Amino acid sequence: MDKLKQKISGKTANIGIIGLGYVGLPLAVEFAKVGFTVTGFDTDNKKVSEINKGFSYILDVPTADVKQLVSAKKLSATLDSKLLNKMDVIIICVPTPLRKTKEPDISFILAATEDIAANLRKGQLIILESTTYPGTTEEVILTKLGADSLKVGEDFWLAFSPERVDPGNPKYKTKDIPKVVGGVGEKCTEMARLFYSQIIKEVIPVSSTRSAEMVKLLENTFRAVNIGLINELALLCNKMNLDIWEIIEAAKTKPFGFMPFYPGPGLGGHCLPCDPIYLSWKARTHGFEARLIELAAEINSYMPHYVVDRVMEGLNNKRKALKGSKILVVGITYKKDINDLRESPSLTIIHSLIEKEAKVNYHDPLIKSFDADGLNMKSSDLTKEIISSSDCVVIVTDHSSVDYKLIVDHADLVLDTRNVLKKFKGAKNIITL
Ligand SMILES: NC(=O)c1ccc[n+]([C@@H]2O[C@H](COP(=O)([O-])OP(=O)(O)OC[C@H]3O[C@@H](n4cnc5c(N)ncnc54)[C@H](O)[C@@H]3O)[C@@H](O)[C@H]2O)c1
């Protein structure tokens, strides 16, 4: 135990990060920046070779940082899981999506665990960062790793630490966000605490891996449920001819007991649409129906369809049918200023518009083309011509670099799902949610 503690404190511990995505790459860069030698393990050949060439494919991580760390031999990437045996600390940052049946898909965690198990040796600290249901670290990982002669808490250490990174957020980066850790017993918690305190100012230990797993699900379920509530109020305000955005602005002047959430075209990304479902699934295995969580998910997943209904209403008021109309979708990523399309509501919106025989184009400064969810499309330039020739422009994602004045000046009809056109309030061609 003391040997690993010394290696961690002296920053001579070799760190292995499994999964070099939105979570794993920023983490790898932070540890490498303070002097650790970090090896990233990924099954995606393209990512591995881009890192080794000194290139970053994540917008929040500057290529200059990756280049400098790779040439200083502080950061490298590999496809070879056998090298896990050389690592002193291993962090798992693989995806935890949903199956088509809306059940947790922990197959990536299982695959990473098998790689670790095949290369486990005395003196290693293993940490799971992927978001998952309470119980995964011990029921799944410990069961596989602890089956051999090595004893957890003595020969190796195991902990869960939720990842809280917020892609696209310029204010809070990995190192600025307090980190929660929960180990399999006190010794594991202490080892994980010491490890993260090398890069993070505030590390918060909790009593168990299950508590740490639940902390993350509480945080994201809290967001998803509150977004569900505000989406429901947006639907109601539309019926009552009230402006939800004005109401939120006024309500948030209350200095206590209120936190603003905003309506939108639906949840997206790898976290909010998935994480609450991990929790409600686990709840069911305890014979408990998490009704509020399920209801919020239902409301949130209705929002993309509501967007299409609003487009139809807007066109109807202009004596036009959606069938045959030209629709320009502006912004297709799941949130502003990031290039992530996973679970984006824009995909459901585009599918539904195409199903109803609209002619759909899109513009997104961060996605030049995509092939996802059965759609294969190229971004159109945002020109006066394409705007004025569209029957409706639908703003799904409010990227900062879009010329919104050009849209307002030339569109016949704009549906603004994000209130990004608030400064043009009163313009007759704008409708909102
Ligand atoms: N994206 C976020 O904002 C965010 C925030 C907090 C937590 N999380 C959680 O972190 C986890 C990772 O999310 P992400 O957004 O970084 O995912 P991602 O898809 O961006 O990255 C995951 C990486 O893991 C790799 N991978 C998959 N299986 C592997 C294996 N067996 N061995 C090695 N590499 C493997 C993939 O190729 C990919 O590069 C998820 O559980 C997610 O819920 C994500």
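Residues numbered from 1 in each chain as written. Predicted model: local features only at pLDDT ≥ 70, side-chain atom pairs only at ≥ 80, totals over all residues. Heavy atoms only, no water.

Notes on the domain arrangement of the chain
Step number 1: Domains assigned within the chain are domain 1 (2-207) and domain 2 (223-432).
Step number 2: Of note, the centres of domain 1 and domain 2, computed from C-alpha atoms alone, are 34 Å apart.
Step number 3: Each side of the interface is counted separately: domain 1 has 20 residues, and domain 2 has 16 residues.
Step number 4: Taken together, both faces of the contact between domain 1 and domain 2 bury some 1,500 Å²; the carbon and sulfur share is 62%.
Step number 5: Residue E139 is joined to K282 by a salt bridge in which the shortest nitrogen-to-oxygen separation is 3.2 Å.
Step number 6: At the surface where domain 1 touches domain 2, the tally comes to eight residue pairs in polar contact (both at pLDDT 80 or more).
Step number 7: Taken together, the residues that form the side of domain 1 that touches domain 2 break down as 11 nonpolar, four polar and five charged. (Domains from an automatic or database assignment. Contact = heavy atoms within 4.5 Å. Buried area = accessible area lost by both parts, 1.4 Å probe. Salt bridge = Lys/Arg side-chain N within 4 Å of Asp/Glu carboxyl O. Polar contact = N/O pair within 3.5 Å; in protein donor to acceptor, adjacent residues only side chain to side chain. Nonpolar A, V, L, I, M, F, W, Y, C, P; charged D, E, K, R; others polar.)

A word on the pattern of salt bridges
Step number 1: Applying the stated criterion across every chain, the model contains 24 salt bridges.
Step number 2: In this structure, the salt-bridge partner of E249 is K252, at a minimum N-O distance of 3.2 Å.
Step number 3: For E249, a relative accessible area of 41% translates into the label partly exposed.
Step number 4: K252 gets classed as partly exposed once you look at its relative accessible area, which sits at 35%.
Step number 5: In this structure, D412 and K318 form a salt bridge, with 3.7 Å as the shortest nitrogen-oxygen distance. Placement of D412 in the loop between helix 14 (404-410) and strand 14 (414-416) and of K318 in the loop between helix 11 (291-316) and strand 9 (326-330) is noted, with a sequence separation of 94 residues between them.
Step number 6: On the basis of relative accessible area, D412 is assigned to the partly exposed category, the value being 33%. (Buried < 20%, exposed > 50% of the residue type's maximum accessible area, 1.4 Å probe, protein only. Helix = DSSP H or I, 4+ residues; strand = E, 2+ residues; numbered from the N terminus.)

Points about empty space enclosed by the protein
Step number 1: Taken as a whole and assessed by the stated rule, the structure comprises two cavities of 30 Å³ or more.
Step number 2: Size it by volume and the largest cavity reaches roughly 50 Å³.
Step number 3: What lines the largest cavity is P162, E163, R164, V165, T174, I177, P178, K179 and I200.
Step number 4: Each residue belonging to the lining of the largest cavity can be placed in one class, and the counts come to five nonpolar, one polar and three charged.
Step number 5: Considering only enclosed or pocket space, the second largest cavity measures out at about 40 Å³ in volume.
Step number 6: Lining the second largest cavity are Y22, I58, L59, D60, P167, G168, I338 and N339. (1 Å grid on protein atoms, 1.4 Å probe; cavity = no way out; pocket = protein on both sides within 12 Å on 5 of 7 lines; lining within 4 Å. Points joined across faces, edges and corners; volume = space filled by probe spheres on them.)

A few points about the nonpolar core
For soluble globular proteins, the rule of thumb is that nonpolar side chains tend to be buried together.
Step number 1: F31, L75, I91 and F195 are the most contacted members of the largest nonpolar core, which has 71 residues in total.
Step number 2: Looking at this core, you find at least three residues from each of domain 1 (2-207) and domain 2 (223-432).
Step number 3: The contacts of I91, once residues within four sequence positions are left out, are I15, G16, I17, I18, L27, F31, I127, E129, F195 and Y196.
Step number 4: If you look at the next biggest cluster of nonpolar residues, it comprises 29 residues, including V311, L315, I349 and L413. (Core = buried A, V, L, I, M, F, W, Y, C linked by side-chain atoms within 4.5 Å.)

Section: the site of the ligand
Step number 1: Around the ligand sit 27 residues in total, of which V23, D42, K47, T96 and T131 are the nearest.
Step number 2: With respect to the ligand, the backbone of V23 contributes an N or O atom lying 2.9 Å from an oxygen atom.
Step number 3: Take T96: an N or O atom from its side chain is 2.5 Å from an oxygen atom of the ligand.
Step number 4: Surface burial for the ligand is 92%, taken as the share of its 830 Å² of free accessible area covered by protein chains.
Step number 5: Considering each element in turn, the shell around the ligand owes the most residues, three residues, to helix 5 (residues 107-119).
Step number 6: Of the residues in the shell around the ligand, the class split is 14 nonpolar, seven polar and six charged.
Step number 7: Taken domain by domain, the makeup of the shell around the ligand includes at least three residues from each of domain 1 (2-207) and domain 2 (223-432). (Near = heavy atom within 4 Å. Areas by Shrake-Rupley, 256 points an atom, 1.4 Å probe, with all protein chains shown as cover.)

Description of the packing of aromatic side chains
Step number 1: As enumerated under the stated definition, the model contains 11 aromatic pairs in all.
Step number 2: Against the face of Y196 rests K179, its NZ or CZ located 4.7 Å from the ring centre. (Phe/Tyr/Trp six-rings, centres within 6.5 Å; stacked < 30°, edge-to-face > 60°. Lys NZ or Arg CZ within 6 Å of the ring centre and 35° of its normal.)

Let's talk about unusual backbone geometry
Step number 1: Phi is positive for K73, close to 60 degrees, though the residue is something other than glycine.
Step number 2: Examined against the element boundaries, K73 turns out to sit in the loop between helix 4 (63-71) and strand 3 (75-78).
Step number 3: With phi around 55 degrees, E343 is a residue other than glycine that occupies positive phi space.
Step number 4: Of note, E343 is situated in the loop between strand 9 and helix 12 (345-355).

Topic: the environment of V70
Step number 1: Among the structural elements, V70 can be located in helix 4.
Step number 2: As for V70 and K53, which are separated by 17 residues in sequence, their C-alpha atoms are 7.8 Å apart.
Step number 3: Discounting chain neighbours no more than four positions away, the residues touching V70 are I51, N52, G54 and L75.

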